[in-house]
Amino acid sequence: MAHAAIIDEHEHHGAPKGFVRRWLMSTNHKDIGTMYLIFSCTMFFIGGSFAMLIRGELFEPGMQLMQPYFFNELTTMHGLIMIFGAIMPAFVGLGNWLIPMMVGASDMALPRLNNWSFWLLPVAFIVLLSTFLLPSGAPAGGWTMYPPLTLQMGDTVAFLIFFVHIAGISSIMGAINIIATILNCRAPGMDLLKMPIFVWSWLITAFLLLAVMPVLAGAVTMMLTDKYFGTSFFNAAGGGDPVMYQHIFWFFGHPEVYIMILPAFGIISEIVPTFSRKPLFGYKAMVYALACIAFLSFMVWAHHMFTVGLPVGAELFFMYATMLIAVPTGVKVFNWVATMWGGSLSFETPMLFAIAFIILFTLGGFSGIMLALVPADFQYQDTYFVVAHFHYVLVTGSAFAIMGAVYYWLPKWSGHMYNERMGKWHFWLSVISVNVLYFPQHFLGLAGMPRRIPDYNVAFADFNMISSIGGFVFGAVQLVFVYNIIHCVFFAKEKATARVWEGARGLEWTLPSPAPHHSFTLPPVLDDSQLAHGEAD
Amino acid sequence: MKSGGIRRWTTAALGLATALCANAAWANPHAWQMSLTKGVTPSSHEVYFLFALSFWVCVGIGIVVYGIMIIAMFRFRKSRGAVPAKWHHNATLETVWTIIPVLILAGLAWPASTVLTKMANTSDSQMTIKVTGYQWLWRYDYIDYMGKPVHKVGFESRLAKSSNRARQLGSHYSPWNVVDKQTGYHDYLLNVDHPLVVPVGVKIRFLITGGDVIHSWWVPDLGWKMDAIPGIINAAWAKIDKPGIYRGQCTELCGKDHSAMPIVVKAIPRAQFNQWLTARENAATLNKISRTAKASPGKVQPAGGQG
């Protein structure tokens, strides 16, 4: 077996000593993965604190805490930070940690690029957060940065665009690295259709990133030249078209939505079989469904703009294409349920998060189907119904999958078991409070409350107060999560076994816990029965 | 998690049923409202039907999927001695659950397409009103009525003073005390100085555009919203069934006072509207000041809309 050799290797080439050499100059996929996850967690709390302020202002009608413009700064920054700072880096961190271990590689294919793509992120977010100190304030035109409104914001726009460029370069380099690793560094016998679903989900996500991040860069660059160099791409008075920005932005924006959910699908496809003690149902269908969703994501962008006055033909096309996405997504949900059916289920914290993901992500999918119907969308567009929809898919979807993943792989990373009791408290308090937070927002939207408003009619008061209370609890409960992680990594006594979970399958579980500094320095010998999805058929 | 899904859906369904019963009596947002308004136009009724149809289809799918999950979670627990099966593939099942959703979706897409086509057809309208969004007010210009051009009837519509006073940070006026005296409706942030006056039973074409940034014109009771975009003129239509005051808001982020540019549509019987329009046209012809003021959106013209 390769283990002896790996441990031997570990003793000779452990982690470099010294903070600067170990972290700042790191080329190790595990250390970089850890830094991505810590960064993501930090951003999750910064973006979350903005959300607390937002929910605080919305606690009751009337303005209590801030001026409306500052509220707009907060909603804009909350969106940018949660999307580019919390969700995306968390998945990159998980990908960094897990992909080399899952495909039987020693490290990522391009370790120095890996270092660069991580360290650009703190730079990008320092640029973004520094806008709060500018005389013109932080950007306040929404995370979608629509012109002409965003162009009114003063020089903060330049910072915003610079941020998008740096974060975009970071994402593109991360995507290149992941593609190179998956296509070149697999152990012998790890055929593409034997790879764990999580690796598949990241391969497809990486191609989406490569395809659309340059599009976003193009859109914001046009905005930059509109603002500073006299062009009129989006300026109607100069012969431009504000709607063209929206088309370009959402051509990036919709695949971006799947960039934030496909790796989550991958995670759930790893967790559910483990705790069902049964191979993943319909492995190939799962891979094809991922590819299909990714493909369709390029032709549904205009469903974000049903009310801009598109021709009827375009609205019909985008409605049908959007509804079609429900089919592969449905296949995934049905396959997860079929994986559980006939299994031998236990409900440790990762499984609880995975089950909550399936139920609540599906709930977000239901409101997605309702939103796809164009005439009905004329009523829902830009209301709290949409806010509820995308928070169900991003918080109880992506964020829950990330939390489940952290509980699932933390013993492998740290070599210690986390506190299961605390994990369950974290889960139950989160899942209750998150529904108190977001479910009433469906009602608010249907009753007529627009999104992105700091103040509202008294008719919306009751559900807003309930929602805010849920939000405060949900925010506070996440401290339990952080405490559990810190406790597990630094103070926990209980050692984790290599396998960690009885039903766990896949190469990462053949490595000792904690995983050695370099994963597989010798290619592992593949045993098909050890694959998470059983024998490929 | 076990029964959380079902409980949530039951609560939602019950809430919706209650809201549906109460709905007829309400036009504008009211406390504890959980559902979409049925509205007061043929289109808004059809949109409501699409909403209800898709909602109940989702409830149905939810009951089946969540139901199977919950059964699985009880039946196949390790703690109850469940032994895991080995199968991980079933071509028939996978085909079935690919085809059934396609059929369900086609069943939703069909009526949605029909309604959309009808809503997009602005032809044969009997009246045209131009709506322009500014930071942060709406301007309404009456273009034509019953085949004849309307002369110089246009005005700006701003947030009512009572709301504006109560919305200031640190103001001592409570939003709860902003009440419409005639109806008793709490109209905080949903009331304007000069509402848009329109006749009932007339197909009105709205031409919607923006003067500075993008806004969006939404009155839920009319059944749609339409973005007001500088450089682009969008068209939409409504035929209001019954007289009343219908309130809405700007629904595209447009800057600091995005929440403070409401829309109020006052629908009155046709005869009454004819009188109102004639009076406004005469006033415009007589009033030279208003004629010169018309071109500049910065000045407010008097509009006799409140009474």
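Counting restarts for each chain, with residues numbered from 1 along the sequence as it is written. Whichever chain is written first becomes A and whichever ligand is written first becomes 1, with later ones labelled in order. A pLDDT threshold of at least 70 governs which residues receive local features in this predicted model, and a stricter bar of 80 or more applies before side-chain atom pairs are shown or counted, although totals over entire chains, interfaces and linings include all residues. To obtain the side-chain values, all non-hydrogen atoms of the structure were used and water was disregarded.

Draft legend 1. Here's a closer look at the overall build of chain A. For the purposes of this entry, the term helix denotes a DSSP run of H or I that reaches at least four residues, the term strand denotes a run of E that reaches at least two, and both are numbered from the N terminus. A tally of regular secondary structure across chain A gives 16 helices and 0 strands. Values of the radius of gyration come from C-alpha atoms, whereas the globule rule sets the reference at 2.2 Å times the count of residues to the power 0.38. The C-alpha atoms of chain A give 23 Å as radius of gyration, which agrees with the globular expectation for 537 residues (24 Å, within 12%). For the C-alpha atoms alone, the extent of chain A along its principal axes is close to 70 × 50 × 45 Å. Any residue under 20% of the maximum accessible area for its type is buried, any over 50% is exposed, and the rest in between are partly exposed; the area is computed with a 1.4 Å probe on protein chains only. Considering chain A as a whole, with its 537 residues, one finds that 68% of them fall into the buried category. Contacts were defined at the residue level, with two residues in contact if any of their heavy atoms lie within 4.5 Å. For chain A, long-range pairs separated by at least 24 residues make up 82% of all intrachain contacts whose partners lie at least 6 apart in sequence. The Shrake-Rupley method, run with a 1.4 Å probe, gives the accessible areas here. Residue values count only the displayed protein chains as cover. About 16,400 Å² of surface is accessible on chain A, with carbon and sulfur atoms providing 71% of the total. The charge count treats Lys and Arg as positive and Asp and Glu as negative. His and the chain ends do not count. The location of each charge is read from NZ of Lys, CZ of Arg, CG of Asp or CD of Glu. The averaged location of the 28 negative side-chain charges in chain A is 9 Å from the averaged location of its 22 positive side-chain charges.

Draft legend 2. Structural context of the sheet that holds strand 8 (residues 234-239) of chain B. Residues and elements named next belong to chain B. The pairing criterion is simple: DSSP has to find at least two bridges between the two strands. Strands sit in the order 3-2-1-5-8 across an open sheet of 5 strands; the sheet is mixed. The open sheet has two edge strands, strand 3 (148-157) and strand 8, and neither has a second partner. Averaged over all neighbouring strand pairs, the angle between strand axes comes to 20 degrees, with direction disregarded. Pairing of strand 1 (residues 127-134) with strand 5 (residues 203-210) involves 7 bridges; the strand directions are parallel. Residue pairing for strand 5: Ile129 is matched across the bridge by Phe206. Orientation is described by lines fitted to C-alpha atoms, with helices fitted over the stretch in contact, and by angles between N-to-C directions that extend from 0 to 180 degrees. In the packing of helix 5 (residues 270-286) onto the sheet, the strands contacted are strand 1, strand 2 (137-145) and strand 3, and the crossing angle to strand 3 comes to about 85 degrees.

Draft legend 3. Representation of helix 12 (residues 349-372) of chain A within the structure. A rise of 1.5 Å per residue sets the reference length of helix 12 of chain A, with its 24 residues, at 34 Å; its end C-alpha atoms lie 34 Å apart and thus fit the reference within 8%. Most of helix 12 of chain A is tucked away: 23 of the 24 residues are buried. Expected helix span is given by 1.5 Å per residue-to-residue step, counting one fewer step than there are residues.

Draft legend 4. Region of interest: the sheet that holds strand 6 (residues 215-219) of chain B. All names here are of chain B. Judged by pairing direction, the sheet is mixed, and its 5 strands sit side by side in the order 4-10-9-6-7 without closing on themselves. The outermost strands of the open sheet, each flanked by one partner alone, are strand 4 (196-199) and strand 7 (224-228). Pairwise comparison of adjacent strand axes, ignoring direction, gives a mean angle of 25 degrees for this sheet. Examined bridge by bridge, strand 4 and strand 10 (residues 263-268) share 4 bridges and lie parallel to one another. Its bridge partner being in strand 10, Val197 is matched across the sheet by Lys266.

Draft legend 5. Structural detail: the nonpolar core. The criterion is simple. A nonpolar core is a set of buried Ala, Val, Leu, Ile, Met, Phe, Trp, Tyr and Cys residues joined through side-chain atoms within 4.5 Å. If you look at the biggest cluster of nonpolar residues, it comprises 274 residues, and the most contacted ones within it are A:Phe84, A:Phe163, B:Tyr142, B:Trp217 and B:Trp224. Among the elements that line this core, the one with the most residues is helix 4 (residues 68-103) of chain A, at 21 residues. In contact with B:Tyr142, other than residues within four places in its own chain, are B:Met127, B:Thr128, B:Ile129, B:Val150, B:Val153, B:Phe155, B:Leu196, B:Val197, B:Phe273, B:Trp276 and B:Leu277. The next biggest cluster of nonpolar side chains, apart from the first, holds 6 residues, and it includes B:Leu159, B:Ala166, B:Val178 and B:Tyr188.

Draft legend 6. The arrangement of the interface of chain B and chain A in detail. Across the contact, 97 residues belong to chain B and 105 residues belong to chain A. Summed over both partners, the accessible area (1.4 Å probe) lost when two parts come together is defined as the buried area. For the pairing of chain B and chain A, the buried interface totals around 8,600 Å² over both sides, and the portion due to carbon and sulfur atoms is 72%. One side-chain nitrogen of Lys or Arg within 4 Å of one carboxyl oxygen of Asp or Glu is enough to make a salt bridge. Our enumeration of links across chain B and chain A arrives at 1 salt bridge. In this structure, A:Glu502 and B:Lys78 form a salt bridge, with 3.2 Å as the shortest nitrogen-oxygen distance.

Draft legend 7. Broad picture of the pairing of strand 3 of chain B. Where strand 2 of chain B meets strand 3 of chain B, 7 bridges bridge the pair, whose relative direction is antiparallel. Note that in strand 3 of chain B the partner of B:Arg139 across the bridge is B:Glu156.

Draft legend 8. Spotlight on helix 8 (residues 242-259) of chain A. Residue and element names in this part refer to chain A. In this model, helix 8 (18 residues) spans 26 Å end to end at C-alpha, consistent with the 26 Å of a helix rising 1.5 Å per residue. The seven residues ending at a residue and the seven starting there each receive a fitted axis; the angle between those axes is the bend at that residue. Residue Trp250 marks the point of greatest curvature in helix 8, where the axis turns by about 30 degrees. Of all 18 residues that make up helix 8, 14 are buried, and the element is covered over most of its length. Identification of polar contacts relies on pairs of N or O atoms within 3.5 Å, with a donor-acceptor requirement for protein atoms, meaning one able to donate a hydrogen and the other able to accept it, and with residues adjacent in sequence counted only if both atoms are side-chain atoms. At the N-terminal boundary of helix 8, the capping side chain belongs to Asp241, with an oxygen 2.8 Å from the backbone nitrogen of Val243.

Draft legend 9. Local environment of the side chain of A:Thr205. Residues and elements named next belong to chain A. Tracing the chain through its elements places Thr205 in helix 7 (residues 197-228). Judged by its relative accessible area of 0%, Thr205 falls in the buried class. Looking at Thr205, its side chain comes within polar contact range of the main-chain oxygen of Ser201, at 2.6 Å. The residues touching Thr205, leaving out its near neighbours within four places in the chain, are Ile259, Leu262 and Pro263.

Draft legend 10. Region of interest: the environment of A:Pro375. Its place among the elements puts A:Pro375 in helix 13 (residues 374-380). Given the relative accessible area of 0%, A:Pro375 is considered buried. In this structure the C-alpha to C-alpha distance between A:Pro375 and A:Glu315, which are 60 residues apart in sequence, comes to 9.7 Å. Excluding residues within four positions of it along the chain, A:Pro375 makes contact with B:Val47, B:Leu50, B:Ala112, B:Val115, B:Leu116, B:Met119 and B:Gly223.

Draft legend 11. Inspection of the packing of aromatic side chains at higher detail. Under the pairing criterion, centres of Phe, Tyr and Trp rings, with the six-membered ring standing for Trp, must be within 6.5 Å; the plane angle then separates stacked pairs below 30 degrees from edge-to-face pairs above 60, leaving the rest tilted. Evaluated as defined, the whole model comprises 68 aromatic pairs over all chains. Taking 5.0 Å as the distance between ring centres and 75 degrees as the angle between the ring planes, the aromatic pair formed by A:Phe427 and A:Trp428 counts as edge-to-face. For A:Phe427, a relative accessible area of 0% corresponds to the buried category. Between the NZ or CZ atom of A:Lys278 and the centre of the ring of B:Trp87, over which it lies, the distance is 3.6 Å. Both a distance and an angle decide whether a charge sits over a ring: NZ of Lys or CZ of Arg must be within 6 Å of the ring centre and within 35 degrees of the ring normal. Above the ring of B:Trp237, the side-chain terminus of B:Lys203 is found at 4.2 Å from the ring centroid.

Draft legend 12. Inspection of the confidence of the model for chain A at higher detail. Summary statistics for chain A give a mean pLDDT of 94 and a share of 96% for residues scoring 70 or more. The pLDDT value expresses, per residue, how confident the predictor is, ranging between 0 and 100. Overall, residues 1-12 of chain A carries pLDDT values under 50, and its contacts beyond four positions in sequence, including any with other chains, amount to 13 contacts.

Draft legend 13. Spatial organisation of the packing of helix 12 of chain A against helix 2 (residues 42-75) of chain B. At a minimum axis distance of 9 Å, the contact between helix 12 of chain A and helix 2 of chain B shows a crossing angle of 165 degrees. By the criterion of interaxial angle, the relationship of helix 12 of chain A to helix 2 of chain B is roughly antiparallel. Crossing of helix 12 of chain A over helix 2 of chain B shows right-handed handedness. Taken together, the residues of helix 2 of chain B that come into contact with helix 12 of chain A (itself represented by A:Ile355, A:Ile358, A:Ile359, A:Thr362, A:Leu363, A:Phe366 and A:Met370) are B:Phe51, B:Ser54, B:Phe55, B:Cys58, B:Ile61, B:Gly62, B:Tyr66, B:Met69 and B:Met73. Residue polarity is assigned by list, with Asp, Glu, Lys and Arg as charged and Ala, Val, Leu, Ile, Met, Phe, Trp, Tyr, Cys and Pro as nonpolar; anything else, Gly included, falls into the polar class. For the contact of helix 12 of chain A with helix 2 of chain B, the class distribution of residues is 13 nonpolar, 3 polar and no charged. Put simply, angles under 35 degrees are roughly parallel, angles over 145 are roughly antiparallel, angles from 65 to 115 are roughly perpendicular, and the rest are oblique. Helix crossings are classified by the rotation of the near helix relative to the far one: an anticlockwise turn of less than a right angle makes the crossing left-handed, while a clockwise turn makes it right-handed.

Draft legend 14. Spotlight on the confidence of the model for chain B. All names here are of chain B. Confidence in the prediction for chain B averages 88 pLDDT; 85% of positions are at 70 or higher. For chain B, helix 1 (residues 4-23) is the element with the lowest average pLDDT, namely 52, and strand 1 is the one with the highest, namely 98. Predicted confidence for residues 18-25 stays below pLDDT 50, and this span has 8 contacts to residues more than four positions away or in other chains.

Draft legend 15. Highlighting the state of the cysteines. Pairs of cysteine sulfur atoms within 2.5 Å are identified as disulfides in what follows. As enumerated under the stated definition, the model contains 0 disulfides over all chains in all. Cysteine B:Cys250 shares no disulfide, and the gap to the nearest cysteine sulfur, in B:Cys254, comes to 3.9 Å.

Draft legend 16. Representation of a nonpolar patch on the surface within the structure. Residue and element names in this part refer to chain A. Without a salt bridge and with relative accessible area above 30%, a residue can belong to a patch; like charges are then joined within 9 Å and nonpolar side chains (Val, Leu, Ile, Met, Phe, Trp, Tyr) within 5 Å. Taken together, the side chains of Leu110, Ile176, Leu183, Leu192, Phe207 and Leu210 present a nonpolar region at the surface, about 460 Å² in accessible area. If you list the elements that add at least two residues to the nonpolar patch, you get helix 6 (156-184) and helix 7. Mapped onto the fold, Leu183 is located in helix 6.

Draft legend 17. The packing of helix 4 of chain A against helix 14 (residues 384-414) of chain A, seen in detail. All names here are of chain A. It is at 11 Å that the axes of helix 4 and helix 14 come closest, and there the two elements cross at 35 degrees. Like other packed secondary-structure pairs, helix 4 and helix 14 cross with a definite hand, here left-handed. Residue-level contacts link His78, Ile87, Ala90, Phe91, Leu94, Trp97, Leu98, Met101 and Met102 of helix 4 to His391, Leu394, Ser398, Ala399, Ile402, Ala405, Trp409, Lys412 and Trp413 of helix 14. For the contact of helix 4 with helix 14, the residue count by class is 14 nonpolar, 3 polar and 1 charged.

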